[in-house]
Amino acid sequence: MSQNAKYFVYGIIGLAALGLFYNLIVNPVSFFKSIFMMLGFALVIGIVLYYFLIGRRRTGQNANYRKALKQSRKKYGRNTVPFSKPNGASKIQRTNRKATHLTVIKGNKK
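Nothing here was measured: the structure is a model prediction, and the numbers come from that model.

### Some words on the overall build of the chain
Part 1 of the argument: The helix and strand inventory of the chain stands at three helices and zero strands.
Part 2 of the argument: Starting at the N terminus and ending at the C terminus, the chain contains elements arranged as α-α-α.
Part 3 of the argument: Buried residues in the chain amount to 2% of all 110 residues.
Part 4 of the argument: For the chain, the exposed surface amounts to about 11,500 Å²; the carbon and sulfur share of it is 65%.

### Description of the packing of aromatic side chains
Part 1 of the argument: Using the criterion set out here, one finds two aromatic pairs in the structure.
Part 2 of the argument: Judged by centre distance (5.4 Å) and plane angle (70 degrees), the rings of Phe31 and Phe32 are edge-to-face.
Part 3 of the argument: The exposure class of Phe31 is buried, given its relative accessible area of 11%.
Part 4 of the argument: What makes Phe32 partly exposed here is its relative accessible area of 42%.

### Overview of the confidence of the model for the chain
Any segment with low pLDDT has predicted coordinates that should not be analysed in fine detail.
Part 1 of the argument: Per-residue confidence for the chain gives a mean pLDDT of 80; residues scoring 70 or more make up 75%.
Part 2 of the argument: The least confident element of the chain, judged by mean pLDDT, is helix α3 (residues 88-95) at 54; the most confident is helix α1 (residues 3-26) at 93.

### Concerning a nonpolar patch on the surface
Part 1 of the argument: Among the surface-exposed residues, Met37, Phe41, Val44, Ile45, Val48, Leu49, Tyr50, Tyr51, Phe52, Leu53 and Ile54 lie close enough to one another that they form a single nonpolar patch of about 1,100 Å² accessible area.
Part 2 of the argument: On the secondary structure map, Phe52 appears in helix α2 (residues 28-76).

About the criteria used
Residues numbered from 1 in each chain as written. Predicted model: local features only at pLDDT ≥ 70, side-chain atom pairs only at ≥ 80, totals over all residues. Heavy atoms only, no water. Helix = DSSP H or I, 4+ residues; strand = E, 2+ residues; numbered from the N terminus. Buried < 20%, exposed > 50% of the residue type's maximum accessible area, 1.4 Å probe, protein only. Areas by Shrake-Rupley, 256 points an atom, 1.4 Å probe, with all protein chains shown as cover. Phe/Tyr/Trp six-rings, centres within 6.5 Å; stacked < 30°, edge-to-face > 60°. pLDDT = per-residue confidence, 0-100. Patch = residues over 30% accessible without salt bridge, like charges linked within 9 Å, V, L, I, M, F, W, Y side chains within 5 Å. Salt bridge = Lys/Arg side-chain N within 4 Å of Asp/Glu carboxyl O.

Here you go:
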């Protein structure tokens, strides 16, 4: 961005800030009314865009997940016990495994 364009942008932002401050001093009710209207419109537009762009994509994935979950529950039954982390006792059992009963058979080596 050139130096002149940078000053032009700063000037526009400064004039906008000056206009907002003037409107706040001269007519605060109108100022807050317009601010709340802008926020309301932005909120409505954001909700509509979210529903049409993001909400519809999630519905298909969610429906497929629910269908697979229903199928899994029908096949394996309902699993009411949640997965739990192993406690200290099970860690000890894992480390103290019994030795295997395998023996080495020495054969003819050539």
